[in-house]
Amino acid sequence: MVKKVDHIGIAVKDLATTLKIYETLGLKALETEVVEDQKVKVAFLPVGDSEVELLESTAPDGPIAKYIERNGEGIQHIAFRVENLEQRLAELKEKGVRLIDEKPRRGAGGANIAFLHPKSTFGVLIELCERD
Ligand code: ZN
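Given the structure is predicted, the values throughout are model-derived calculations rather than measurements. Chains are numbered independently. Their residues run from 1 in the order of the written sequence. In view of the model being predicted, local features appear only for residues whose pLDDT reaches at least 70, and side-chain atom pairs are presented and counted only at 80 or more, with totals across whole chains, interfaces and linings using the full set of residues. Think of the side-chain values as coming from all heavy atoms in the structure, minus any hydrogens and water.

Turning next to the domain arrangement of the chain. Note that the domain bounds reflect an automated or database-derived domain assignment. On domain assignment, one finds that the chain holds domain 1 (9-76) and domain 2 (77-132). Taking the mean C-alpha position of each, domain 1 and domain 2 sit 19 Å from one another. Every residue pair with non-hydrogen atoms within 4.5 Å of one another is taken to be in contact. Taken together, the contact pairs 11 residues of domain 1 with seven residues of domain 2. The rule for a salt bridge is simple: a side-chain nitrogen of Lys or Arg has to be within 4 Å of a carboxyl oxygen of Asp or Glu. Joining domain 1 to domain 2, the criterion identifies zero salt bridges.

Listed below in structure tokens is the structure:
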């Protein structure tokens, strides 16, 4: 069902400052994008066949701001690439997995995404991600 690690999401306070350390590692952001409904500004940095996603909150009450308040900056989620996301979600629900998103929604980079509830995955926030 899972094709690969699509990306690893990292919560940061300041995208521009954080990008510098990744650039020092030789990674480059393709572009930054604001996802209004999630109140985040994101940058994707390709790493071989996967990517690093840096997420900076655009509002004090956004999910990333709240995450940083509780946990500090750092790895926030892992995203797995799947096909037929809507069908996968239905299967997981049937197996009793708690879902944050019961239906796919639009994520950064035009992907369809859905999050599983970390209570069902032993503390790891897992995003499923489908790209054309
Ligand atoms: Zn993500």
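On to the side chain of Thr 18. The residue Thr 18 is located in helix α1 (residues 15-24) in this model. For every residue, the accessible area (1.4 Å probe, protein chains only) is compared with the maximum for its type, and the residue is labelled buried under 20%, exposed over 50%, or partly exposed between those bounds. On the accessibility criterion, Thr 18 (15% relative accessible area) is buried. We define a polar contact as two N or O atoms separated by no more than 3.5 Å, with the added condition that, inside protein, one atom must be a possible hydrogen donor and the other a possible acceptor, whereas residues neighbouring each other in sequence contribute only through side-chain atom pairs. Within the structure, Thr 18 has its side chain in polar contact with the backbone oxygen of Asp 14 (distance 2.6 Å). For Thr 18, the residues in contact, after removing those within four places along its chain, are Val 12 and Leu 54. Comment: elements are numbered from the N terminus, with helices defined as DSSP H or I runs of at least four residues and strands as E runs of at least two.

Take the coordination of the zinc ion next. Around the zinc ion, the protein contributes the donor atoms His 7 (NE2), Glu 53 (OE), His 77 (NE2) and Glu 127 (OE), which lie 2.1 to 2.2 Å from the metal centre. Atoms are scored as donors when they are N, O or S and lie within 2.8 Å of the metal, with 3.2 Å used for Na, K and Ca; no water is included, so coordination may look incomplete. Irregular is the label for any site that misses the other tests, which are tetrahedral for four donors with all angles between 85 and 135 degrees, and square planar for four donors or octahedral for six when opposite donors exceed 155 degrees and the remaining angles lie between 65 and 115. Coordination at the zinc ion is irregular: its four donor atoms span angles of 85 to 170 degrees at the metal. Going along the chain, you hit the donors of the zinc ion in the pattern H-x45-E-x23-H-x49-E. Residue His 7 is located in strand β1 (residues 2-12), and its partner Glu 127 is located in strand β8 (residues 126-130); the two are separated by 120 residues in the primary sequence. Owing to a relative accessible area of 4%, Glu 127 belongs among the buried residues under this scheme.

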